[in-house]
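Next come the chains, spelled out residue by residue.
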Amino acid sequence: KDCTTRALEYFNKWQTGERIPADVKDAAFCAGIRNDPDTSTFDKMFSLYTTTTSISEKTSVESALGCSANRTQLYRFINHILDGPQGPIKVKDFKSVIASVASTSLGLDVLHEFLSTNLNRTLNELPNGQEIAKYIYSILATKMTDRVQIEKLQNLKNTTIIPESVRQSFEKSFKKVNDRKLWLEKYSEVINQWMLENQEPLEEETITTAASTESTITTEIKSTVSSITISAPFSTVSPKPSNATYNVQNCRTVLLVTILLLIVNKCIL
């Protein structure tokens, strides 16, 4: 059984009142919300989030609410921040809720829409509004990486009337986007060459052509870069290697890319 099926089984058991292992609760809650065909599960879990006295359970539910694949649900969740100290989300939990919503590409888009639409309300109505606005923008600048997303970030910082301290924070966060882009442009060929040279050869396979194609590898590193795409050349081989061989190579390649991306972020940040 795949991971999602097993997680859903645990979630269904939990819904009937059966205890499930603590180490699978996060995955079970996330799968339950993500695969919910309507809003009932999300609403029940949000109610639990606001009423539970268990810190660990609240943390698990908070993380799971960000797993929703429903745009309306995610927007409603983050929008509760505007209810302020009297709302269902405590002020001390604002940042963790923002991080939860930012855990998916859909959530990032929702978060950008929220900040764009409610920036003035956030700054003027929340007791820590400037801090929250700066935090949301920094999260977006860290995780939004494609051209369209970067343009949205640039427009947000350039076209909005905001306090100077907030603008300076936005500029500082956006500079990291440009630094990351320039770094990758400068070293992409070196990275590609290094990956090519360090690929493990296919065992018992005959290389029949040196024609190169491109394979796109996307690696997500939370709390650093949501996703960075690196194109790496590889050689076409014949006969077709087994699935097991491909799996071994993929694991090795992903490991190499992960190490490189960690180096990228260490250099930039």
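Reading guide: rules and limits
Residues numbered from 1 in each chain as written. Predicted model: local features only at pLDDT ≥ 70, side-chain atom pairs only at ≥ 80, totals over all residues. Heavy atoms only, no water. Helix = DSSP H or I, 4+ residues; strand = E, 2+ residues; numbered from the N terminus. Buried < 20%, exposed > 50% of the residue type's maximum accessible area, 1.4 Å probe, protein only. Lys, Arg positive; Asp, Glu negative; His and termini not counted. Salt bridge = Lys/Arg side-chain N within 4 Å of Asp/Glu carboxyl O. Contact = heavy atoms within 4.5 Å. pLDDT = per-residue confidence, 0-100. Core = buried A, V, L, I, M, F, W, Y, C linked by side-chain atoms within 4.5 Å. Domains from an automatic or database assignment. Phe/Tyr/Trp six-rings, centres within 6.5 Å; stacked < 30°, edge-to-face > 60°. Lys NZ or Arg CZ within 6 Å of the ring centre and 35° of its normal. Disulfide = S-S within 2.5 Å.

1. Quick word on the side chain of D36
- Structurally, the position occupied by D36 is in the loop between α2 (22–34) and α3 (40–51).
- Put simply, D36 is tucked away with no salt bridge, and the nearest opposite charge, on K44, sits 8.4 Å away.
- Setting aside anything within four residues of it in sequence, one finds D36 in contact with T41 and F42.

2. Things to note about the confidence of the model for the chain
- Counting all residues, the mean pLDDT for the chain is 78, and 72% of those residues have values of 70 or more.
- Predicted confidence is poor over residues 204–248, with pLDDT under 50, and the contacts of this stretch with residues over four places away or in other chains come to 79 contacts.

3. Here we look at the nonpolar core
- L65, I78 and L111 are the most contacted members of the largest nonpolar core, which totals 49 residues.
- Built from parts of two domains, this core gets at least three residues from each of domain 1 (1–69) and domain 2 (70–195).
- Residues in contact with L111, not counting those within four places in the same chain, are I78, I98, V101, A102, I136, I139 and L140.

4. Some remarks on the packing of aromatic side chains
- Counting across every chain of the model gives nine aromatic pairs.
- One cation-aromatic arrangement involves K58 over Y49; the distance from NZ or CZ to the ring centre is 5.1 Å.

5. Some points on the pattern of salt bridges
- For the coordinates displayed, the defined rule picks out 10 salt bridges.
- A salt bridge links D43 to R76; the shortest N-O distance between them is 2.7 Å. You can see D43 sitting in helix α3 and its partner R76 sitting in helix α5 (residues 71–79), a full 33 residues away along the chain.
- The class for D43 is partly exposed, based on a relative accessible area of 35%.
- The class for R76 is partly exposed, based on a relative accessible area of 35%.
- Between D109 and R71 there is a salt bridge; the shortest N-O distance is 2.8 Å. Of the two residues, D109 sits in helix α7 (residues 105–125) while R71 sits in helix α5, which places them 38 residues apart along the sequence.
- Linked by salt bridges that have partners in common, R71, D109, E113 and K152 make up one network.

6. Comments concerning the state of the cysteines
- The final tally for this structure, using the stated rule, is one disulfide.
- Covalent S-S linkage joins C30 and C67, the inter-sulfur distance amounting to 2.1 Å. Classification of the bridge connecting C30 and C67 rests on its S-S torsion, roughly -110°, and on that basis the disulfide is left-handed. You can see C30 sitting in helix α2 and its partner C67 sitting in the loop between α4 (55–65) and α5, a full 37 residues away along the chain. Just as C30 is buried, C67 falls in that class too.

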